[in-house]
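One letter stands for each residue in the lines below.
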Amino acid sequence: MIEYPQGKSLASNAILRVAAATTVFLVFLWYLLLHDVAVQHQHQHQDPAPTSPQTIIPNIVHFVYILPDDARNFKFEFSHFLSLFAASHHFRPDTILLHTNVPHSGPEILRARNGTAGKWSSLIFSRTLFPTLQINTVPLPTHANNGKSLANMEHKSDFVRVQAVHDHGGVYIDWDVHALRDMRALRESGFKAVAGRQLHGQINSGTFLSVKQGRMISLWREQMHEVYDGGWTTHSNEVVTRVGERLVREPPGDEILILERDAFAPGSWEAKDEEWLFRVHNDTGSNLVTESYGQDGQGKGQGKEEEVPVHGGFDEGEAFEERWEHPERFPKWEHDWSGTYLLHAFSPFRFGGDIYGFKQITPRYVLERRSNFARAVYPVAKLMYDRGLISVNDTHTGL
Ligand SMILES: *[C@@H]1O[C@H](CO)[C@@H](O)[C@H](O)[C@H]1NC(C)=O
Ligand SMILES: *[C@@H]1O[C@H](CO)[C@@H](O)[C@H](O)[C@H]1NC(C)=O
Ligand SMILES: *[C@@H]1O[C@H](CO)[C@@H](O)[C@H](O)[C@H]1NC(C)=O
């Protein structure tokens, strides 16, 4: 006798078990797959690649201003204010660190704040204009570790700036460096340091970026003390160039990015470059026009007259390829600034020659917009003008 029903029930039992086991297995497999995906996903996020915090250069801007022993006042000029304002405007820094050798509530800073040291010093120390600016009082270095005494203020500043960027990380700029755009793409590029070349190929020490205690800045800090000999750039450009070019070759290749000259230092300290940057072009009309205001405000010429800048500043940008495809639409002398992050405008007073139409960097000189320098920094000066911070007739000393 075939126990059919029982056999049938056994068979269906077996089918159920197989089905149950298969289900459990499938669920397990599904879990495994999902888990695997999740793990991979996690790995992608933990990859120590470009966006990890260790390789993001912090959004801190460093300035150094050393007062000579016998100086009672900061001597900030309009161009210094322009430099700080542009960095603050373009970078939107978390912190601006002003490293100096006087105490943060000492008489020098009080006099700067209350206007005794001129308009530009009081604006630079204005808490409303630059709420993230912190004064960092540093001891003034007098000697390199090799025993040689530091020859001048510029060299003392060189040692202070390298130490500051080593300790905090961030972007260092000299007071004659003018930010033309944000540095975020460079800070977050995945390189632990960024520097730029200058005329004749050395790395310029007036602008550089680094993560805190990065290798480039650590080596520079160490070696500048060893090689210091009083030479103008032995401990600065020469060291950062040697260290930088060595580190470019260091696997995995993220220690330093060295940019071409146009990025940070398109001009130079030589006469023809100073002329190119600062000379006034009298074949181009001034951007300042005289407007008259009648007493009824209708501008019929009976009331006061005022010179006002015409060009709007930012966002009057030309089309992407316009300067490339239609150079004839632009004056020949005009430089295309779109490839420059930072304009290191080397002081035109070093070489001592005359520059046509140029005397000092004043609001009028910039607002007239008749030189390559003026065109580069005009958008920021126009913002200052619109906010009532500068007047056409302000002097370069603000005194
Ligand atoms: C500015 O501050 C200095 C130092 O505190 C003080 O001696 C001077 O009288 C002040 N001047 C003005 C105009 O407030
Ligand atoms: C314009 O500039 C040139 C120098 O490039 C100078 O020789 C000439 O006298 C200037 N013209 C006027 C009208 O100022
Ligand atoms: C600037 O100075 C000139 C004279 O040099 C004068 O005619 C003009 O009205 C002044 N402008 C302002 C805004 O004070």
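Residues numbered from 1 in each chain as written. Chains lettered and ligands numbered in written order. Predicted model: local features only at pLDDT ≥ 70, side-chain atom pairs only at ≥ 80, totals over all residues. Heavy atoms only, no water.

Trainee: Please clarify how the site of ligand 1 should be interpreted in this entry.
Mentor: Around ligand 1, a shell composed of L110, R111, N114 and T116 is seen. The separation between an oxygen atom of ligand 1 and a polar side-chain atom of N114 is 2.2 Å. Expressed as a share of its isolated accessible area of 360 Å², the protein-covered part of ligand 1 is 38%. Of the residues assigned to the shell around ligand 1, the class counts are one nonpolar, two polar and one charged. (Near = heavy atom within 4 Å. Polar contact = N/O pair within 3.5 Å; in protein donor to acceptor, adjacent residues only side chain to side chain. Areas by Shrake-Rupley, 256 points an atom, 1.4 Å probe, with all protein chains shown as cover. Nonpolar A, V, L, I, M, F, W, Y, C, P; charged D, E, K, R; others polar.)

Trainee: Would you explain unusual backbone geometry in this entry?
Mentor: Only a minority of non-glycine residues have a phi that is not negative, and only a minority of peptide bonds are not trans. The linkage connecting P251 with the following residue, P252, adopts the cis geometry, with an omega of 0°. Even without being a glycine, R92 presents a positive backbone phi close to 45°. As for its position among the elements, R92 is in the loop between α2 (78-91) and β2 (95-100). The class of R92 is exposed, set by a relative accessible area of 58%. (Helix = DSSP H or I, 4+ residues; strand = E, 2+ residues; numbered from the N terminus. Buried < 20%, exposed > 50% of the residue type's maximum accessible area, 1.4 Å probe, protein only.)

Trainee: Looking at this structure, I do not really get the sheet that holds strand β4 (residues 170-173). What am I missing?
Mentor: By definition, the strands of a sheet pair up through backbone hydrogen bonds, in either a parallel or an antiparallel sense. If you trace the seven strands from one edge of the open sheet to the other, you get β3-β2-β1-β4-β7-β6-β8, paired in mixed fashion. Here the strands that pair on one side only, and so sit at the sheet edges, are β3 (133-137) and β8 (257-259). The mean angle between the axes of side-by-side strands here comes to 25°, regardless of whether they run parallel or antiparallel. Running at roughly 170° to strand β1 (residues 60-65), α2 makes contact with β1, β2, β3 and β4 of the sheet. Lying over the sheet, helix α7 (residues 215-227) contacts β6 (193-197) and β7 (203-210), oriented at roughly 135° with respect to β7. (Pairing = 2+ DSSP bridges. Axes fitted to C-alpha atoms, helices over the stretch in contact; angles between N-to-C directions. Contact = heavy atoms within 4.5 Å.)

Trainee: Honestly, the nonpolar core in this entry has me stumped. Any pointers?
Mentor: Counting residues in each nonpolar core, the largest one holds 69 residues, and the members touching the most others are F81, F264, F373 and I390. Among residues more than four places away in sequence, those in contact with F264 are M183, L186, V194, A195, G196, T207, L209, L259, Y341, L342, L343 and H344. By size, the runner-up hydrophobic cluster in this structure holds 25 residues, among which are V64, V138, A193 and F208. (Core = buried A, V, L, I, M, F, W, Y, C linked by side-chain atoms within 4.5 Å.)

Trainee: What's the story with the side chain of N287 in this structure? I'm lost.
Mentor: Assignment of secondary structure puts N287 in the loop between α10 (271-278) and β9 (288-292). Looking at N287, its side chain comes within polar contact range of the main-chain oxygen of L367, at 2.9 Å.

Trainee: Can you walk me through the packing of aromatic side chains in this structure?
Mentor: Within a pair of aromatic rings, the relevant descriptors are the distance that separates the centres and the angle that separates the planes. Applying the stated rule across the entire model yields 23 aromatic pairs. Here F74 and F125 contribute two aromatic rings whose centre-to-centre distance is 5.0 Å and whose plane-to-plane angle is 65°, an arrangement assigned as edge-to-face. Residue F74 is located in the loop between β1 and α2, and its partner F125 is located in the loop between α4 (119-124) and β3; the two are separated by 51 residues in the primary sequence. As far as burial versus exposure is concerned, F74 and F125 are alike and both buried. Ring geometry for F81 against F85: centres 5.7 Å apart, planes inclined by 65°, an arrangement best described as edge-to-face. Of this pair, F81 and F85 both sit in helix α2, four residues apart, roughly one helical turn. Both residues of the pair, F81 and F85, belong to the buried class. An aromatic cluster is present here, built from F63, Y65, F74, F76, F125 and W175 joined pairwise through their rings. Above the face of the Y341 ring, R181 is positioned so that its terminal group lies 4.7 Å from the ring centre. (Phe/Tyr/Trp six-rings, centres within 6.5 Å; stacked < 30°, edge-to-face > 60°. Lys NZ or Arg CZ within 6 Å of the ring centre and 35° of its normal.)

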